[in-house]
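Next come the chains, spelled out residue by residue.
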Amino acid sequence: MTHHEQLAANLDAVRQRIAAACRRCERAPADVTLVAVTKYADLDWVRGLYALGLRDFGESRPQQLVERAAQFPADVRWHLIGHLQRNKAALVLPHVVTIHSVDSVRLARQISTDAGKSNLSARVLLEVNVSGEEAKDGFSAQELRAVWSELHALPHLRAEGLMTMAPLSDDMESSRPVFRALRNLRDELLQFPDRSQLSQLSMGMSGDFEVGIEEGATMIRVGSALFEGLGEG
Ligand SMILES: *Cc1c(COP(=O)(O)O)cnc(C)c1O
C-alpha cells in the first residue's frame, strides 16, 4: 500500500467508527467534527489528509501550528489543542479557529487582550481536568464555577465549550465517567445567569472517541488512528 492508500484506509476506518458510534446514540455524524491531530505527522501525511478532504487539523505546539498554517490553503481550520503560554497567544491567534486548551484565567485574560488588539474575537474552549490528575493542565470543576463570570466578562474571548482528556487506559469505558462529568459541568454552567453558548464538547481521542461521541462530543481529536501503518513521523 502506498502512503496515500494507507491514509485513505485509516480515514475510512475512523469514519466508520464515528458512524457506528453515532448510530448507537442516534446522533448525526455531521454533528461530530473530526479534528485530525497532526502533531507527530509528517507534512506529507497532513497534505494527504487535506487531499482526502479533511480541513480541521489540530496541533499541540503553537510554533508548529503557525509554521504549518503558512504552508496550507486558507480553508484549513487549525485547532490548538496543547498548552499555550501567555507570551505565545498573539502568535497563534491570527491562525487558529479554536483554542481548545485555555486552562487558566491569566491565559484567558491575555488571549482577550491580544485578540482585542487585532479586532478579533477569540473562540476558545475551557480545558477541564475532570479526573483531577496532578500532572494535567486544566481548571478543576470547582475553579471553573468560581471564575465563570470573570471569564464570561472578557470582551474578546468567546468560550464556546469545554474540553477534557481522560486518563490513559486500554479500556475506553474508563473514559465514560470523565466525559459524562464534562457534559454535566457544561449543562450546569448553562444554568448560570451569564451563560454563553457553550455548544462544544471536545472529548475523545483515538482510543476512546466512540465513548466521547456517545457522551455528547461535538469535536473529537484523533491522531494515531489516522497515521497507523505509516511508519515513524
Ligand atoms: C495527541 C493528542 C490527541 C490525539 O491523541 P491520539 O491518541 O493520537 O489520537 C488528542 N488530544 C490532545 C490534547 C493531544 O495532545
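A brief report on the enclosed structure follows. (Residues numbered from 1 in each chain as written. Predicted model: local features only at pLDDT ≥ 70, side-chain atom pairs only at ≥ 80, totals over all residues. Heavy atoms only, no water.)

### Quick notes on the overall build of the chain
At step 1: When helices and strands are tallied, the chain shows nine helices and eight strands.
At step 2: Against the 2.2 N^0.38 benchmark of 17 Å for 233 residues, the chain shows a C-alpha radius of gyration of 17 Å, consistent with a compact globule.
At step 3: Projected onto its principal axes, the C-alpha coordinates of the chain cover approximately 55 × 40 × 30 Å.
At step 4: Taken across its 233 residues, the chain has 48% of its residues classed as buried.
At step 5: The long-range share in the chain, meaning contacts at least 24 apart out of those at least 6 apart in sequence, stands at 59%.
At step 6: On the chain, roughly 11000 Å² of surface is accessible, and the fraction owed to carbon and sulfur atoms is 48%. (Helix = DSSP H or I, 4+ residues; strand = E, 2+ residues; numbered from the N terminus. Rg over C-alpha atoms; globule rule 2.2 N^0.38 Å. Buried < 20%, exposed > 50% of the residue type's maximum accessible area, 1.4 Å probe, protein only. Contact = heavy atoms within 4.5 Å. Areas by Shrake-Rupley, 256 points an atom, 1.4 Å probe, with all protein chains shown as cover.)

### With respect to the layout of surface pockets
At step 1: The space that makes up the largest pocket amounts to roughly 460 Å³.
At step 2: Forming the boundary of the largest pocket are 21 residues, of which V37, K39, Y40, I81 and M205 lie nearest the centre.
At step 3: Its residues assigned to classes, the lining of the largest pocket comprises nine nonpolar, six polar and six charged. (1 Å grid on protein atoms, 1.4 Å probe; cavity = no way out; pocket = protein on both sides within 12 Å on 5 of 7 lines; lining within 4 Å. Points joined across faces, edges and corners; volume = space filled by probe spheres on them. Nonpolar A, V, L, I, M, F, W, Y, C, P; charged D, E, K, R; others polar.)

### Some words on the site of the ligand
At step 1: In the vicinity of the ligand, the residues found are V37, K39, I81, M165, M205, S206, R221, V222, G223 and S224.
At step 2: A distance of 2.7 Å is found between an oxygen atom of the ligand and a side-chain nitrogen or oxygen belonging to K39.
At step 3: Between S206 and the ligand, the recorded distance is 2.5 Å, taken from a side-chain N or O atom to an oxygen atom.
At step 4: Taking 390 Å² as the accessible area of the ligand by itself, protein coverage stands at 84%.
At step 5: Structurally, the ligand is housed in the largest pocket.
At step 6: In the shell around the ligand, the residues fall into five nonpolar, three polar and two charged. (Near = heavy atom within 4 Å. Polar contact = N/O pair within 3.5 Å; in protein donor to acceptor, adjacent residues only side chain to side chain. Sits in = over half its atoms within 2 Å of the grid points.)

### A closer look at the environment of I111
At step 1: Turning to its location among the elements, I111 is positioned in helix α5 (residues 105-117).
At step 2: Residue classification places I111 among the buried positions, given a relative accessible area of 0%.
At step 3: Here I111 is in contact with L84, A89, L93, I99, V102, A122, V124 and L157, once residues within four sequence places are set aside.

### Thoughts on the packing of helix α6 (residues 141-153) against helix α7 (residues 176-189)
At step 1: Between α6 and α7, whose axes approach to 11 Å, the crossing angle comes to 20 degrees. One element, α6, and the other, α7, form an angle in the roughly parallel class. Once α6 is placed against α7, the crossing between them reads as right-handed. Here A141, L144, R145 and W148 of α6 lie close against α7, whose contacting residues are L185, E188 and L189.
At step 2: Among the residues making up the contact of α6 with α7, the classes are represented as five nonpolar, no polar and two charged. (Axes fitted to C-alpha atoms, helices over the stretch in contact; angles between N-to-C directions. Parallel < 35°, antiparallel > 145°, perpendicular 65-115°, else oblique. Left-handed = near helix turned anticlockwise from the far one by under 90°.)

### Some details on the environment of M165
At step 1: Among the secondary structure elements, M165 is positioned in the loop between β6 (157-163) and α7.
At step 2: Using a relative accessible area of 30% as the deciding quantity, one classes M165 as partly exposed.
At step 3: Taking C-alpha positions, M165 is 25 Å from A69, a pair spaced 96 residues apart along the chain.
At step 4: The residues touching M165, leaving out its near neighbours within four places in the chain, are E127, K136, V178, M205 and R221.

### A word on the environment of F192
At step 1: Relative to the assigned elements, F192 resides in the loop between α7 and β7 (200-202).
At step 2: A sequence separation of 47 residues divides F192 from R145, and the C-alpha atoms of the two residues are 9.0 Å apart.
At step 3: Beyond its immediate sequence surroundings of up to four residues, F192 is in contact with R145 and W148.

### Structural notes on the pattern of salt bridges
At step 1: Throughout the structure, instances matching the rule amount to 18 salt bridges.
At step 2: We note a salt bridge from R24 to E214, for which the minimum N-O separation is 2.7 Å. Taken together, the positions of R24 in helix α1 (residues 3-25) and E214 in helix α8 (residues 209-214) put the pair 190 residues apart, joining distant regions of the chain.
At step 3: With a relative accessible area of 51%, R24 lands in the exposed category. (Salt bridge = Lys/Arg side-chain N within 4 Å of Asp/Glu carboxyl O.)

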